[in-house]
Amino acid sequence: MILENLAEKDSFLSRSLTVISDLSVDEQLFLYHQTRRLKQKWKNKEDLSEFMIKKNVGIYIVFIEPSTRTKESFINASKFHRNARVTIFDSTHSSFNKKESYVDTFNMLTGYNDYSIFVVRSKLEGTCKLLKESVSQFAHRNGLPAPSFINAGDGKHEHPTQELLDEYTFLEQNNFDNSFIHIALIGDLLHGRTVHSKVNGLKIFKNVKVDLIAPPEIAMPTHYVEKMKKNGFEVRIFSSISEYLKQNDVSKIWYFTRLQLERMGEDILEKEFILRKAVTFQKDFLPLLPPETKFYHPLPRHKIHPTIPHFLDSLSLNGWEKQAINGYWTRIILLSMFGGALKYKSTNSRENIPGKEEDFIIKAPILNGTKGVQKDGKRGIKPIENGTVIDHIAKGKNVEEIYSTIVKIRKILKLYYVDSTDGIFRSENGDLKGYISLPDKYLTKKEIKKLSAISPNTTVNIIKDSRVVEKYRITLPPRIYGFAELKCKNENCITNPVHGENVQGSFVKDENGFLVCEYCETPHTFEEIWNI
């Protein structure tokens, strides 16, 4: 059971909720415990002042993407805090839609109150993370407290405050027992940011079984499925509700999402009828449900083609109405926490990113002090007296891939105007590999770091007086950032150059060797992150 005596110690001031994992599991449980207390006190008509923000706090409701339900929920939750000044931006007439810099605008607003909380909804993924980083730097430069940012939904990325109200609702159904949950996620799992937030949000339960129900065209992205498995969840996959109900282990918690047609391409839209049928509940399914089953939905439903049809509204299956109401209560508590009214020992749940140079640039032993000499009748690289030889480029790839990598290295490291040679030869085990020979040019450590992200598993030889004096074997780094040529391939990412926010890309290597954008969490291969 959730502990009833969670200690209140440290402040949440200047904390942000850009993704659900910005709050540790313990902090989320603290929020749910406080929400439960608030609801009970309100029901008993007791004093609620302990939950109210007491300082001069400005709450800005900034919905750059139109919304009704989430926006009104936050507006009413903000008004609960009588001492806070609430400012609401209209999405259609706001300066945010006039090609003005997001960062500059939020910097300006930060100086208007002793402390600010920004609730932001945007089509651009990673917006709140960018604002948290950039505006915090502005505040530090000007002696201001760093504001809090709350992500109210960014593209198809995450919707962490929806996740808070969802998890609280699941706990209520579970009598606040967080030892186990079995949940079915149904609908547009490809574009549904509410289900993406559950990858980490469900970690508040000690044991988790997740059934993913969607046709392949709108299935949960693979990298989210892998994250669920990494989190220890048992994951099962079904292509339709009909298929799901043919087996015996059916969940009592069903979470539906609508088909987000506005985010789909023409090829998927052509299958709209088939997709809808696969994830829409039908009347003849009712006898197949286990007792005490509850249906949930982030709302609103499609008015013509709802995945939860309206004939279910009056049945005991209806859990979505109380779920929606819980948004008001959980958002009150979230604002209480970020506004300084509620305190708890803060822990940073985000994993520290390893970045030591030796993790990916390894100094190798020098077995033969020469490089590029001809021996044993075999043709090698033309020897140089001083400079650098980049060897083992794209080893094992075909000729086209090797030359493409050589060209990419030359472009990104700006080696076009350096006297050099390059080519392809076959190694002793028969694999093809490329090389670049750079007479009188010594790669800097920064260039070697960049090379590790362009062409990992490459060897760098530093040559002086015709002998190799330093040799490095480089692998893919744990984090890649700080280079102007980096670009997230997701066109809806806030860092994508098309949006003009002048944000450099930043990527972290995951356990599968993919490079994950730190803003929108889109996975990339190392070949995909370079904009050349």
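To start, this report covers the structure provided alongside it. These numbers come from a predicted model, not from an experiment. (Residues numbered from 1 in each chain as written. Predicted model: local features only at pLDDT ≥ 70, side-chain atom pairs only at ≥ 80, totals over all residues. Heavy atoms only, no water.)

**A few points about the overall build of the chain**
The secondary structure content of the chain amounts to 14 helices and 19 strands. Among the 532 residues that make up the chain, the fraction classed as buried is 55%. Excluding contacts between residues fewer than 6 apart, the proportion of contacts in the chain whose partners are at least 24 apart in sequence is 74%. Of the accessible surface of the chain, which amounts to about 24700 Å², a share of 49% is contributed by carbon and sulfur atoms. (Helix = DSSP H or I, 4+ residues; strand = E, 2+ residues; numbered from the N terminus. Buried < 20%, exposed > 50% of the residue type's maximum accessible area, 1.4 Å probe, protein only. Contact = heavy atoms within 4.5 Å. Areas by Shrake-Rupley, 256 points an atom, 1.4 Å probe, with all protein chains shown as cover.)

**Some points on the sheet that holds strand E17 (residues 506-509)**
Taken in spatial order, the four strands of this open sheet run E16-E17-E18-E19, and their pairing is antiparallel. The sheet is open, and its two edges are formed by strand E16 (479-481) and strand E19 (523-524), each paired on a single side. Both strand E18 (residues 515-517) and E19 contribute to a ladder of two bridges, which runs antiparallel. Each residue of the ladder has a partner; that of Leu515, found in E19, is His524. (Pairing = 2+ DSSP bridges.)

**Observations concerning helix H14 (residues 445-454)**
Within H14, seven of the ten residues are buried, which leaves it mostly tucked inside the rest of the structure. For H14, the complete set of buried residues consists of Glu447, Ile448, Lys450, Leu451, Ser452, Ala453 and Ile454. Each element contacted by the buried residues of H14 is listed here: strand E10 (361-363), strand E11 (387-393), helix H13 (399-412), strand E14 (458-464), strand E15 (467-474) and E16.

**Focus: unusual backbone geometry**
Along the chain, Leu299 connects to Pro300 via a cis peptide bond; the corresponding omega equals 0°. Summarising the element assignment, Pro300 is placed in the loop between strand E9 (294-296) and helix H12 (320-338). Here Asn175, not a glycine, exhibits a phi torsion of approximately 55°, which is positive. By the element assignment, Asn175 lies in the loop between helix H5 (160-173) and strand E5 (181-186). Look at Glu292: it is not a glycine, yet its phi comes out positive at around 65°. With respect to the secondary-structure elements, Glu292 resides in the loop between helix H11 (272-279) and E9. Taking the relative accessible area as the measure of exposure, Glu292 reaches 66% and is therefore exposed.

**Considering the sheet that holds E11**
Read across the sheet, six strands follow the order E10-E15-E14-E11-E13-E12 without closing on themselves; strand pairing throughout is antiparallel. At either end of the open sheet lies a strand with only one pairing partner, and these are E10 and strand E12 (421-426). Ignoring which end each strand starts from, the neighbouring axes of this sheet average 25° apart. As defined by bridge partners, E11 adjoins strand E13 (residues 432-439) across five bridges and the pair is classed as antiparallel. Across the sheet, residue Ile393 finds its bridge partner in E13, namely Gly434. Of the strands in this sheet, E10, E11, E14 and E15 are in contact with H14, which crosses E15 at around 45°. (Axes fitted to C-alpha atoms, helices over the stretch in contact; angles between N-to-C directions.)

**Re the packing of aromatic side chains**
The geometry of an aromatic ring pair is captured by two quantities: the separation of the ring centres and the angle between the planes. Throughout the structure, instances matching the rule amount to 24 aromatic pairs. With a centroid separation of 6.2 Å and 20° between ring planes, the pair formed by Phe12 and Phe30 is classed as stacked. Here Phe12, found in the segment before helix H1 (25-43), pairs with Phe30, found in helix H1; they are 18 residues apart in sequence, far enough to count as distant. Exposure class is identical for Phe12 and Phe30. Each is buried. (Phe/Tyr/Trp six-rings, centres within 6.5 Å; stacked < 30°, edge-to-face > 60°.)

**A short note on the nonpolar core**
In this structure, Leu185, Trp254 and Phe295 are the most contacted members of the largest nonpolar core, which totals 87 residues. In terms of residue count, the dominant contributor to this core is H12 (eight residues). Ala394, Leu432, Tyr472 and Ile474 belong to the second-largest nonpolar core, a separate cluster that totals 54 residues. (Core = buried A, V, L, I, M, F, W, Y, C linked by side-chain atoms within 4.5 Å.)

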